[in-house]
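Descriptive structure summary
Each chain, letter by letter, is given below.
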Amino acid sequence: MSKRSLIEIARWIALLGVLVVLLFPLFWIIASSLKARGEFFTRPPVWIPSHPEWSNYPDSLQRGGMKGLTDSFTIAFCSMAVSIVLGAPAAYAIARFQVGKKNLAFWILSIRMFPPIATILPLFVIFRFAGLVDSYAGLVLCYTVFNLPFAIWILKGFIEDLPKEIEEAAKVDGATRFQIFRNIALPLTAPGLVVVALFTFIFAWNDFAYAVIFSGSNVTPLPVVIAQFAGGHEILWGQISAAAIMAILPALILATFLQKYLTRGLTMGAVK
Amino acid sequence: MKRAAHLLAAGFGAVVWTSAAVAADLPSFNHVTVTVVGDAGQNMEALNKYADDFTKAGITIKQVGATFTGLYDKLKTSFVAGSSDYDMVIFYPSYIGDFAGNGYLAPLDEYMKKQPAAIWDPKMDEVMPPYREIYCKWEGKTYALPYDGDVLVLYYRKDLFNNPDEKAAFQKKYGRELAPPATWKEWLQVAEFFTRKAGDTLAGQKLSRPFYGAAEYGARGFSYGWFLSRFASSDGIYFDENMNPEINTDAAVAGLQNMVDTLKFSPPDVLSYGYEELKNAFLNGDLAMVVQWSDVGKKTADPQLSKIVGKAGFAVVPGTEANGKVVHKAPMPVGRVLAVSAKSKNKEAAYWVAKYLSLDKSPITVAANWSGQDPYRLSHFTDTSHYKFPDEASVKEYVAAVEENLKNGFPDLNIPGAAQYIDALDVAVIKALSGEADPKTALDGVAEDWKGITQRLGADTQKKFWNAALESYRAAGLLK
Amino acid sequence: MDRTKHRDRTFARFMVGPAVTLLFLVTIGPLLFSLAVSFTNLQFSTPQPMRWVGIDNYSTLLFNDSRFLSAMGRTLVFVLAGVVIQTLLGFFIASLLLKVQRYRAFLLGPILIPSVISSVVAAWQGRMIFNASYGPLNDVLAHIGIKGPAWLALPQTALVSVFLTDTWQWTPFLALIILAALQSQPLELLEAARLDGARGWSMFRRITLPLILPVAGVGVLLRGVDLFKTFDLVYILTQGGPGNSSETLTFLTYLQGFKFFNPSYASAMSFIQLIVITIVAKSYLGLMNKRGAI
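The structure reproduced in this document is the subject of the present report. Starting afresh in each chain, residues are numbered from 1 along the sequence in its written order. Whichever chain is written first becomes A and whichever ligand is written first becomes 1, with later ones labelled in order. With the structure being a predicted model, the display of local features is reserved for residues of pLDDT at least 70 and the display and counting of side-chain atom pairs for 80 or more, all residues being used for whole-chain, interface and lining totals. The basis for the side-chain values is all heavy atoms of the structure; hydrogens and waters are excluded.

1. Details of the sheet that holds strand β11 (residues 312-315) of chain B
Residue and element names in this part refer to chain B.
- Overall, antiparallel pairing links the three strands, which are arranged β10-β7-β11 in an open sheet. Taken across any chain shown, the strands that pair with only one partner, and hence form the sheet edges, are β10 (289-293) and β11. Averaged over all pairs of adjacent strands, the angle between their axes in this sheet comes to 35°, without regard to strand direction.
- Pairing between strand β7 (residues 152-157) and β10: five bridges, direction antiparallel. Residue pairing for β10: L152 is matched across the bridge by W293. In short, DSSP must find at least two bridges between two strands for them to pair. Runs of H or I in DSSP of at least four residues are treated as helices and runs of E of at least two as strands, each being numbered from the N terminus. Throughout, an axis means a line fitted to C-alpha atoms (over the contacting stretch in the case of helices), and angles, computed between N-to-C directions, take values from 0 to 180 degrees.

2. Describing the interface of chain A and chain C
- Tallying the contact residues gives 89 residues for chain A and 84 residues for chain C.
- Buried surface at the junction of chain A and chain C, both sides included, amounts to about 7,700 Å², of which 84% is carbon and sulfur.
- In protein, a polar contact requires one atom able to donate a hydrogen and another able to accept it; more generally it is a pair of N or O atoms within 3.5 Å, and residues adjacent in sequence count only if both atoms are side-chain atoms. Our count for the chain A to chain C interface comes out at five residue pairs in polar contact (both at pLDDT 80 or more).
- Of the residues forming the side of chain A that touches chain C, the biggest block, 15 residues, is contributed by helix α1 (residues 3-32) of chain A.
- Its residues placed into classes, the side of chain A that touches chain C shows 74 nonpolar, nine polar and six charged. In this description, contact between two residues means that some pair of their heavy atoms is separated by no more than 4.5 Å. Here the quantity called buried area is the accessible surface, traced with a 1.4 Å probe, that two parts lose on coming together, added over both. Three classes are used: nonpolar for Ala, Val, Leu, Ile, Met, Phe, Trp, Tyr, Cys and Pro, charged for Asp, Glu, Lys and Arg, and polar for all others, with Gly counted as polar.

3. Concerning the packing of aromatic side chains
- Pairing of aromatic side chains requires ring centres within 6.5 Å, counting the rings of Phe and Tyr and the six-membered ring of Trp. Pairs whose planes differ by under 30 degrees are stacked, by over 60 edge-to-face, and all others tilted. The final tally for this structure, using the stated rule, is 83 aromatic pairs over all chains.
- When the ring of F178 of chain A is compared with that of F181 of chain A, the centres are 5.9 Å apart and the planes differ by 50°; the resulting orientation is tilted. Of this pair, F178 of chain A and F181 of chain A both sit in helix α7 (residues 177-188), three residues apart, roughly one helical turn.
- Exposure categories follow from relative accessible area, calculated using a 1.4 Å probe and restricted to protein chains: below 20% of the type maximum is buried, above 50% is exposed, and the middle band is partly exposed. Accessibility expressed as a relative area gives 36% for F178 of chain A, which makes it partly exposed.
- Judged by centre distance (6.0 Å) and plane angle (90°), the rings of Y217 of chain B and W293 of chain B are edge-to-face. With Y217 of chain B in the loop between β9 (205-206) and α12 (223-233) and W293 of chain B in strand β10, this pair connects stretches of sequence that are 76 residues apart.
- The class for Y217 of chain B is buried, based on a relative accessible area of 3%.
- The exposure class assigned to W293 of chain B is buried, which follows from its relative accessible area of 3%.
- Here the guanidinium or amino end of K156 of chain A rests over the ring plane of W153 of chain A, the centre of that ring lying 4.7 Å away.
- Directly above the aromatic system of F261 of chain C lies the positively charged group of K76 of chain B, at a separation of 5.7 Å from the ring centroid. In this scheme, Lys NZ or Arg CZ marks a charge over a ring once it lies within 6 Å of the ring centre and within 35 degrees of the ring normal.

4. Remarks on the interface of chain A and chain B
- Between chain A and chain B, the contact holds 21 residues from the first and 26 residues from the second.
- Across the chain A/chain B interface, buried area totals approximately 1,700 Å², and carbon plus sulfur atoms make up 51% of it.
- Definition used for salt bridges: Asp or Glu carboxyl oxygen within 4 Å of a side-chain nitrogen of Lys or Arg. Counting across the chain A and chain B interface gives zero salt bridges.
- The interface formed by chain A and chain B contains three residue pairs in polar contact (both at pLDDT 80 or more).
- When residues of the side of chain A that touches chain B are traced back to their parent elements, those giving at least two are α4 (116-130), α9 (209-214) and α10 (222-228) of chain A.
- A per-class count over the side of chain A that touches chain B returns eight nonpolar, eight polar and five charged.

5. Quick look at a nonpolar patch on the surface
- Patch membership needs two things, relative accessible area over 30% and no salt bridge, and members are linked within 9 Å if like-charged or within 5 Å if nonpolar (Val, Leu, Ile, Met, Phe, Trp, Tyr). Areas reported as accessible are Shrake-Rupley estimates using a 1.4 Å probe. Residue values count occlusion only from the protein chains shown. The grouping of L80, V84, I85, L88 and L89 of chain C at the surface amounts to a nonpolar patch, some 450 Å² of accessible area in total.
- Its place among the elements puts L89 of chain C in helix α3 (residues 66-99).

Listed below in structure tokens is the structure:
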């Protein structure tokens, strides 16, 4: 066998190894979501449950998972909508009119670098006075703060890539600036909007730090519900795993079907 | 004037008492929703089990679950935020000073006196004094009703301790009879004696997996309770009367050393053991002895949970010998009480739900396996008909052990700021257990931390709170 | 012309207005508030009046609080190790993928899954996988004759477990960035270098590294900042324990703020963190700049 094909084989073995390591935890949590109570405490561990215990799914939904799903969805969706509605015009203005020069753009980016804990605390005190603790609006606001810079940054990149000529032609035809933005620039940025919509949704959907502090009886996003399955007297591993599977569904869909948008979103536009 | 305001408030809460309309022991509210917060799982199960009764009384219960270790944060956050979302709160009584002292809870005395007594009186005089005085009162007023009387109990494997071969071997090795350890010194010997490798013989059986003498609560959160069982029995107390920490005395260091030494006879991953792991290790038949909360006793008798049904013995937590006398102390970490939020708009209904759980249904709750609740009323000890043990002798032994431990109860620190003091202690205990620091250094660190916390929270007020706490320990008969 | 410019500016301001106002209100506002609080003794444990204490909180933290200082050291090591190891692993995976032409897109999807799922899920997985008695990791290790440690229960391995979980989750992200950078390497340059006799390490250092730095640099910065902020994993995997062996800065700040309810102290803590992040990020950017990378 030639040296070349040996290298080829070694490469595939290495890739296979990488895949196994990266996907094994997912396999484990899927298997766990189908285990019966006793199967979590055996030595050696049960790798594949003998009789899939499907009831973990309805059970976790019934123990608050359903509310978790709908709450998470509501909040993530609202935060996504607000981020786009506010982010798109801002990105357009920054890209086309250089408003605030470089400083504004960098300030916006730097907000994403803050440790959330630095703002959670004062936000909490402010929310307390504004009655926003344990409300949908409160969490939507929190997520918008870290989603908006992302939306602006990504869309700015997309708009900068658009040829200016079409917009200039429209201007000559007498369109107002806002019409140009709405009727020409915005439709052309559609792929950017898709990226932003997906990722702002996922970021809000995935968050735990804000959720655990600002949620309560009215609002309990899914990650918080999962944490509640770990009681003082018993950790409901089956239900936790089932809820976790439901929690990663949006991300799985993203990774499978919308892969071409994945790169740009994950890298905040650094990779086009 | 104030009275009138209260009456008005009561009217606003839509309470209609119609004695003729319903069964004698249920009030009749007009569609009131009571939001209850507590640690999710078996400690809120009672709300489901008795849901029909609440419905009959015109009350809808809305449950909010927190995690076991996150309950305090959740409640405190909501209290600090001044929200009125929660009507009834279930919490661990070491926070009574924090919650009542900051005015988050409604005093209950007024509701307790309401007529007819069959509906409103929680029969506090029937509650075991430690729980009544320390769990429920703050600065002379009652702010909470007991719900879960937690005290640590020594569990051991009766079958092994009574095995003739083992008895003979122990006699030969240590020159005394094999028995549940009376002191922490004996505890180490017994733990050492029973620790076996896979393949060794235990009570005539060849072991397929290792067997361990004992285990401790090694995870973060309540590890300190297992240290307290040593610390308190050597006459330790958290502070002197001037709030100077007394947590690093020589006796305290020796106590912590004893706990560290126990790890030699414990499973290798004992530092990750919380309540569940510690319980499972014993119920799986992997341990000869364990100190655990009182509810574990009931679980040993449940074949669904336990592989050692009928084999568990219950005894007093070991003590420390001084001047020829053995002092026993059983810490009372966690526990649960029911209280009414000061901001609640349905205080009366919330109070009644609390009272119903704390009194009327409590004999069933504390005896059941689906609950995490443990006995706290005299009647829970005298009327044992609800407990499900394989035989009458076990019930008697169990109840007697819990009662005896409670007599030696050692309370959790319950002054405002308790969460910080206890966290500092807990971290230090675990550092000693994991070998990161030796017991002396670890406890000296706690004393320093505690001084800092007191300073930060205001030395004068803290001192006042501490002396009030000491007073309540005395009132409960736990301190001379 | 001037009028158009003026109108442009008005329009632009109108467009960014809402977003900037919102961001300002919910970031700068709270930050100033938090800064003010950090100079007081505000706490919610006892009903004590609040008063100004000057820089007491800061001086206590920096000179007297060994728990804080060790959390700081631990966090910096965590960030540094994370950035270095994850970048190297990412580079390894990227260079594997670079040579695979046909199935690359097919492979990329599954590889990226960890980076898009919730860290909460990653953490719960971690708790099962690292479980010393019932977890699969030690089971696998036992099969190859290694006695696995009690991962989450030992001070030596608790933070390592957090680290491994984070690395599992975020190495694919770095691989993706580095792959993109590698793909953008102009072939002529590589060929020219090869003709010059550059091989292996010197080729990497002289050609590949300068080429991938600008893109990878951003990714590494993002990763560094996120590593600094690690909270969810610690909260769910170890709660900072055993002892405080896995207490990161953000977790300790959380404890002070939301367990001990000392907002003043916690605020001072977060400001020190903010300053450290800024200094580290700035000097990193400066370094990149000097190498002409960004």
